Amino acid sequence: MNTNIPFYSNTPDNTHCFQAAVKMLAKYFWPKEEYSWEQLDRLTAKAKDLWTWPMAGVLWLQTRGIEVIDIETFDYTRFVEEKEDYLLSFYGEETGNEQIKHSNIGLELDFAREFQKKVNIQNRIPDKKDIIRLLHDGYLLICCLNQMTLNEKSGYSGHFVVIKGYNETGLFMHDPGLPPFENREVRFELFEKAWSYPNEKVKNTLAFRLNK
């Protein structure tokens, strides 16, 4: 199974992987529409030179009639209450500090308050079976991984990819990069390592489908 979805690369500044993922979904769902990077920056609340959290973009897709399912154990209520301390507790020192360093926390707190009220959040750790089931049910998936692990390097860099299919040994994904990999095939074992870095509780899946 491998859904035919348009591919867009990350931009040269290497901070638009989420915008590239949203651009792919938008072109798939609404083929006649075009979204510039400037428009996508506004729609996803992109802060200059910082990483993008997915909340604003997800909320916008919902307003366009997209059904969203979010499977993760991240506690948005605790994040709102504890702020940076919760990120360090949830992700650990290395990943938590990188998230803090590359984020506008105040802005994300505002979106977190809205996100937890409006999005269908299933508070549990997703697994491979969830991915395969959702793909069969007609959803496209966005997952945040450790890009360094995905490319078999050391260190941490949060990175969004679009999951579009699977076979017996792995997943098909559009990886915006950098470097970009269209229709990249990643074996399940490597995906799991990148998905569960630094531990299994950080695994996440965002599923998107046009409302029926």
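To be clear, the structure that these remarks concern was listed above.
The rules behind these values
- Residues numbered from 1 in each chain as written.
- Predicted model: local features only at pLDDT ≥ 70, side-chain atom pairs only at ≥ 80, totals over all residues.
- Heavy atoms only, no water.
- Pairing = 2+ DSSP bridges.
- Helix = DSSP H or I, 4+ residues; strand = E, 2+ residues; numbered from the N terminus.
- Axes fitted to C-alpha atoms, helices over the stretch in contact; angles between N-to-C directions.
- Contact = heavy atoms within 4.5 Å.
- Buried < 20%, exposed > 50% of the residue type's maximum accessible area, 1.4 Å probe, protein only.
- Left-handed = near helix turned anticlockwise from the far one by under 90°.
- Phe/Tyr/Trp six-rings, centres within 6.5 Å; stacked < 30°, edge-to-face > 60°.
- Lys NZ or Arg CZ within 6 Å of the ring centre and 35° of its normal.

What follows is about the sheet that holds strand β5 (residues 170–175). Sheet architecture is open: 7 strands sit in the order β2-β1-β7-β3-β4-β5-β6, paired in mixed fashion. Each edge of the open sheet is held by one strand with a lone partner, namely β2 (120–123) and β6 (181–187). Averaged over all neighbouring strand pairs, the angle between strand axes comes to 30°, with direction disregarded. Here strand β1 (residues 66–72) pairs with strand β7 (residues 205–210) via 6 bridges, running antiparallel. Looking at the pairing, I71 lines up with T205 of β7. Strands β1, β3 (140–146), β4 (158–166), β5 and β7 of the sheet are contacted by helix α8 (residues 128–136), whose axis makes an angle of about 60° with β4.

Time to look at the environment of K193. Its place among the elements puts K193 in helix α10 (residues 188–195). Residues K193 and N146, 47 residues apart in the sequence, show an inter-C-alpha distance of 8.4 Å.

As a further point, take helix α3 (residues 55–63). In terms of burial, α3 is a largely internal element, 7 of the 9 residues being buried. On its buried face, α3 is in contact with α1 (17–29), α2 (37–43), β1, α4 (76–82), α7 (105–118) and β7. In the stretch just after α3, G65 is the one whose phi turns positive, near 90°.

What follows is about the packing of helix α5 (residues 84–91) against helix α6 (residues 93–101). Packing of α5 against α6 leaves a shortest axis separation of 7 Å and a crossing angle of 145°. The handedness of the crossing between α5 and α6 is right-handed. In this structure, α5 contributes E84, L87, L88 and Y91 to the contact, and α6 contributes E93, T95, G96, N97, Q99 and I100.

Glancing now at the packing of aromatic side chains. In total, this model carries 18 aromatic pairs according to the counting rule given. Ring centres 6.1 Å apart and planes at 70° place the aromatic pair W30 and W60 in the edge-to-face group. Here W60 lies in helix α3 and W30 lies in the loop between α1 and α2, a separation of 30 residues in the sequence. The class for W30 is buried, based on a relative accessible area of 11%. A connected cluster of aromatic rings, assembled from ring pairs, spans W53, F74, Y76, F79, Y86, F90, Y91 and F115. One Lys or Arg, K23, reaches over the ring of W37 and ends 5.2 Å from the middle of that ring. Positioned above the aromatic ring of W30 is the side chain of R64, whose terminal nitrogen or guanidinium carbon lies 4.1 Å from the ring centre.

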